Amino acid sequence: MHLIIRRGLVLAFLFNSSFVVVRAQATGVLDTAPGVNATTYAPVATAPAAPSLTPAVPPGTNLLSIGDFAPDSTAAKSTDAWAKGTPGTVPWLSDNGEHFFRLVSQRPEQHVQLYHVVDLPTGATAVEVSARYRASDLKKGRFPEDDARIILGFLEAGGKPIAAAAPLIFADDATSWTTVRERIAVPTGAFHLALMPCLYRVAAGTLDLADVQVTTLNDADSATVIAATASAADKKLADQTAILDREISLPSKTPEIKASGNRLVTADGKDVWLQGVNICNLSIRPDEEHKILWSVHVALDDWKANVIRFPVLDSFWFGKGRGKMTDNDQEAYRAIADKAIKIAAGKGAYIVFDLHRYLTPDDSCVAFWKDAAARYKNNPAVLFDILNEPHDTTWEVWRNGGPVETKQKDGTSKTVQGVGMQALVDAVRGTGAKNIIVAGGLGYAFDLTGIVNGYALDDKGGNGIMYATHFYNWHGGWDKHIMGTAAKYPVLVGECGADVNKMNFIPANKQEDPYTWVPDAIGFIQKNHLNWTAWCFHTRATPDLLLDWDYYTPTPFWGAFVKDALAGKQYEMKRER
């Protein structure tokens, strides 16, 4: 998968960096808001407005004048300015003069929501968010975040998300009108506050919501909130660091695995089924150590993964930087990878160490694997994914090397001399490393047909070759492209996923709705016992598994399904693509 850093997140899922607030008539049940695609629930997008400062206001000012949900004929206030862009029902009701929205979960694990963005005034350093609510037959879902809540997030002037805030949680036993409030510090650079009242994948229930307010605080109260926030953040960081330090120091519990037929097995013949996620941060930036290591912890402990696919760049590995970054700290970069591997090994899990390059391997890839394989040779926790996504060549060149022509952005062509995937296998084995090798097929790793037609790689005495496929919600022919190889060799679905946002490099009509595609795709993986690592444990590397870094809230359209599957939920494949 090409790494796509998302600039416009989905309206339905909290942060929307390039959006218009869609308006819907608040008269009856609303399944889909006008201006929202009925299949994907994605917003009609416009370019962000030029940054502008909202004038300062006195303390105690309610910034959300439309929070009382009163009727308004101008379509500029109240119910009309709240977007309703997800499945489920959100009727606008009135009871004894009280106007409110009713969020109704029609089936288990449905995500039902409202959405609005508030402009923050100049000088605001903290605000109070409050709401009145009542609940009926509300039953929480399978995970701690599966409940009724208002998710909160701050956006910069252009709409890019910069931080999440503690959500307002609604109790499941509030049968009469109850008030909940939270005071939150405004981070530097925040121009807007996004609010998403929702039933986040509850098992069942109804939530009535009224009188939502966002109120400015005076200087003294703001200072108290800021100090408390800083103290809580410092404690959280210290607590997390202590946990990571302890986990890094643990001895390895990961058993060595080998390929046996089309399965992975331990020395005593026990079957190993690798299921996990991609943590792609080191293929984007050469730092973010704490975020990366804590993500490894969360993925393995909270999401119950037993493998992390860990994309890296050879340019960062050798300290050469990337793009405008002309160099980077080589040893610091490698140390992050070392620590991630130690955390996984201490938990008995695995790391798929992925050279996140495309097209065809060249001499620089050989140099990388001679170095990296020597560093991690015969570490039971490490598998070597030798090239992310080969493409635009033949199976002969894929295996044995040769010239590969590629189009440049200016329309010209460039010829790359490929060395072939076998040369990378030989580079790894030449270091004495017996680690499992992962080799992606052609067609950006989707197509594995050549493996069973004479182009399988020679392992040369190692623990085996596992072949990798990547498929997304526009790929068809799963059985044709994957299952012939999967019948003979272990297969890793190294990347998979679906997003409610359309990828701009694939025709929109070729990209299936995640809510129909994802259950079938996971069902296909489970039915065929394919090893898999979902793309991506990130908030802006689509298809995203995460809504935020602070709470690791899974995206409802993809992350929630993956988290369920890793925890043991079985999906039925109703239709193969």
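Data block above holds the structure.
This section reports on the structure supplied with the text.

What counts, and where the lines are drawn
Residues numbered from 1 in each chain as written. Predicted model: local features only at pLDDT ≥ 70, side-chain atom pairs only at ≥ 80, totals over all residues. Heavy atoms only, no water. Helix = DSSP H or I, 4+ residues; strand = E, 2+ residues; numbered from the N terminus. Buried < 20%, exposed > 50% of the residue type's maximum accessible area, 1.4 Å probe, protein only. Contact = heavy atoms within 4.5 Å. Areas by Shrake-Rupley, 256 points an atom, 1.4 Å probe, with all protein chains shown as cover. Pairing = 2+ DSSP bridges. Axes fitted to C-alpha atoms, helices over the stretch in contact; angles between N-to-C directions. 1 Å grid on protein atoms, 1.4 Å probe; cavity = no way out; pocket = protein on both sides within 12 Å on 5 of 7 lines; lining within 4 Å. Points joined across faces, edges and corners; volume = space filled by probe spheres on them. Nonpolar A, V, L, I, M, F, W, Y, C, P; charged D, E, K, R; others polar. Arc of directions from axis to C-beta. Expected span 1.5 Å × (residues − 1). Polar contact = N/O pair within 3.5 Å; in protein donor to acceptor, adjacent residues only side chain to side chain. Salt bridge = Lys/Arg side-chain N within 4 Å of Asp/Glu carboxyl O. Phe/Tyr/Trp six-rings, centres within 6.5 Å; stacked < 30°, edge-to-face > 60°. Lys NZ or Arg CZ within 6 Å of the ring centre and 35° of its normal. Parallel < 35°, antiparallel > 145°, perpendicular 65-115°, else oblique. Left-handed = near helix turned anticlockwise from the far one by under 90°.

### Considerations on the overall build of the protein chain
Piece 1. Along the backbone of the protein chain there are 10 helices and 25 strands.
Piece 2. Across the 577 residues in the protein chain, those meeting the buried criterion constitute 57%.
Piece 3. Considering only residue pairs separated by 6 or more positions, the protein chain has 76% of its internal contacts joining residues 24 or more positions apart.
Piece 4. As presented, the protein chain carries roughly 22,400 Å² of accessible surface, and 51% of it is formed by carbon and sulfur atoms.

### Some details on the sheet that holds strand S22 (residues 437-440)
Piece 1. Spatial ordering of the closed barrel is given by S14-S15-S16-S18-S22-S23-S24-S25, a layout of eight strands whose pairing is parallel. Going across the sheet, the axis of each strand differs from the next one's by a mean of 25 degrees, ignoring polarity.
Piece 2. Taken together, the three bridges between strand S14 (residues 275-278) and strand S25 (residues 531-534) define a ladder with parallel strand orientation. Opposite valine 277, over in S25, you have alanine 534 as the bridge partner.
Piece 3. In this fold helix H5 (residues 363-376) packs onto strand S15 (307-312), strand S16 (350-355) and strand S18 (382-385), with an angle of close to 160 degrees to the strand it touches most, S16.

### So, the layout of surface pockets
Piece 1. Estimates place the volume of the largest pocket at around 1,000 Å³.
Piece 2. Surrounding the largest pocket, 35 residues form its lining, Ala164, Lys236, Trp549, Asp550 and Tyr551 being those nearest its centre.
Piece 3. If you list the elements that add at least two residues to the lining of the largest pocket, you get strand S6 (148-155), strand S7 (161-170), strand S8 (178-185), helix H1 (219-248) and helix H2 (289-301).
Piece 4. In terms of residues, the lining of the largest pocket owes the most to one element, H1, which gives eight residues.
Piece 5. Its residues assigned to classes, the lining of the largest pocket comprises 22 nonpolar, four polar and nine charged.

### Focus: the sheet that holds strand S5 (residues 126-139)
Piece 1. Pairing in this open sheet of five strands is antiparallel, and the strands run S1-S2-S10-S5-S8 from one edge to the other. Each end of this open sheet is capped by a strand with a single partner; those strands are strand S1 (92-95) and S8. Across the sheet, the mean angle separating the axes of adjacent strands is 35 degrees when strand polarity is ignored.
Piece 2. Lying over the sheet, H1 contacts S5 and S8, oriented at roughly 75 degrees with respect to S8.

### What to know about helix H8 (residues 478-486)
Piece 1. When we look at burial in H8, the residues that qualify are Trp478, His481, Ile482, Met483, Thr485 and Ala486. Along the axis of H8, the buried residues cluster in a sector spanning 165 degrees; they form a single face.
Piece 2. Looking at the buried side of H8, the elements it contacts are strand S23 (465-472), strand S24 (491-497) and helix H9 (514-527).

### Describing empty space enclosed by the protein
Piece 1. Scanning the model with the defined rule gives three cavities of 30 Å³ or more in all.
Piece 2. Counted as a void, the largest cavity has a volume near 80 Å³.
Piece 3. As for the largest cavity, its lining consists of Glu256, Ile257, Asn378, Asn379, Pro380, Val382, Leu383, Lys434, Asn435, Ile436 and Asn463.
Piece 4. Its residues assigned to classes, the lining of the largest cavity comprises five nonpolar, four polar and two charged.

### Focus: H1
In an α-helix, one turn spans 3.6 residues, which is why side chains three or four residues apart end up on the same side.
Piece 1. If you check H1, its first and last C-alpha atoms are 43 Å apart, about what 30 residues at 1.5 Å a residue would give, namely 44 Å.
Piece 2. Listed as buried for H1 are Ser222, Val225, Gln240, Leu244, Glu247 and Ile248.
Piece 3. The elements touched by buried residues of H1 are S5, S8, H2 and helix H4 (330-346).
Piece 4. For H1, the side-chain oxygen to backbone nitrogen distance between the N-cap and alanine 220 is 3.2 Å, and the N-cap itself is asparagine 218.

### Describing the pattern of salt bridges
Piece 1. Here the structure, examined in full by the defined rule, presents 34 salt bridges.
Piece 2. Of the charged contacts, one joins arginine 309 and aspartate 354 as a salt bridge, the two residues approaching to 3.2 Å between their closest N and O atoms. Placement of the pair is arginine 309 in strand S15 and aspartate 354 in strand S16, with a sequence separation of 45 residues.
Piece 3. Here arginine 309 falls in the buried class, since its relative accessible area comes to 0%.
Piece 4. A relative accessible area of 0% means that aspartate 354 is categorised as buried.
Piece 5. Aspartate 520 is the partner of arginine 577 in a salt bridge, and the nearest nitrogen-oxygen pair spans 2.8 Å. Highlighted residues: arginine 577 in the segment after helix H10 (559-566) and aspartate 520 in helix H9, separated in sequence by 57 residues.

### A look at unusual backbone geometry
Piece 1. For the bond from tryptophan 535 to cysteine 536, the omega torsion is -5 degrees, close enough to zero to count as cis.
Piece 2. On the secondary structure map, cysteine 536 appears in the loop between S25 and H10.
Piece 3. Residue proline 543 is reached from threonine 542 by a cis peptide bond, and omega for that bond is -5 degrees.
Piece 4. Tracing the backbone shows proline 543 in the loop between S25 and H10.
Piece 5. Of note in the backbone geometry, alanine 445 takes a positive phi value of approximately 80 degrees without being a glycine.
Piece 6. Judged by relative accessible area, alanine 445 falls into the buried class, the value being 0%.
Piece 7. Non-glycine residue tyrosine 552 carries a positive phi angle of around 50 degrees.
Piece 8. Structurally, the position occupied by tyrosine 552 is in the loop between S25 and H10.
Piece 9. For tyrosine 552, a relative accessible area of 7% puts it in the buried group.

### So, the packing of aromatic side chains
Piece 1. Counted according to the given criterion, the structure contains 27 aromatic pairs.
Piece 2. Arranged with centres 4.9 Å apart and planes meeting at 70 degrees, the rings of tryptophan 395 and tryptophan 398 form a pair that is edge-to-face. Note that tryptophan 395 and tryptophan 398 are positioned in helix H6 (residues 395-400) at a spacing of three residues, about one turn of the helix. There is no split in this pair, since tryptophan 395 and tryptophan 398 are both buried.
Piece 3. In textbook terms, an aromatic cluster arises when at least three aromatic residues are bridged by ring pairs, as seen for Trp317, Phe353, Phe368, Trp369, Tyr376 and Phe384.
Piece 4. Geometry around phenylalanine 100 places arginine 134 over its ring, the cationic atom sitting 5.2 Å from the centre.
Piece 5. The aromatic ring of tyrosine 551 is capped on one face by lysine 236, whose charged end is 5.4 Å from the ring centroid.

### Topic: the packing of H2 against H4
Any two packed helices are characterised by the angle at which their axes cross and by the distance between the axes.
Piece 1. Put simply, H2 and H4 touch, their axes get as near as 10 Å, and they point 20 degrees apart. By the angle between their axes, H2 is roughly parallel relative to H4. Relative to H4, the crossing made by H2 is right-handed. Across the interface between the two elements, Glu289, Ile292, Leu293, Val296 and Leu300 from H2 touch Ile336, Lys339, Ala340, Ile343 and Ala344 from H4.

### Examining the side chain of arginine 429
Piece 1. Examined against the element boundaries, arginine 429 turns out to sit in helix H7 (residues 421-429).
Piece 2. What arginine 429 contacts, discounting residues up to four positions off in sequence, is Lys434, Asn435, Ile437, Asp459, Lys460, Gly462, Asn463 and Gly464.

So yeah, pure geometry; function would need other evidence.
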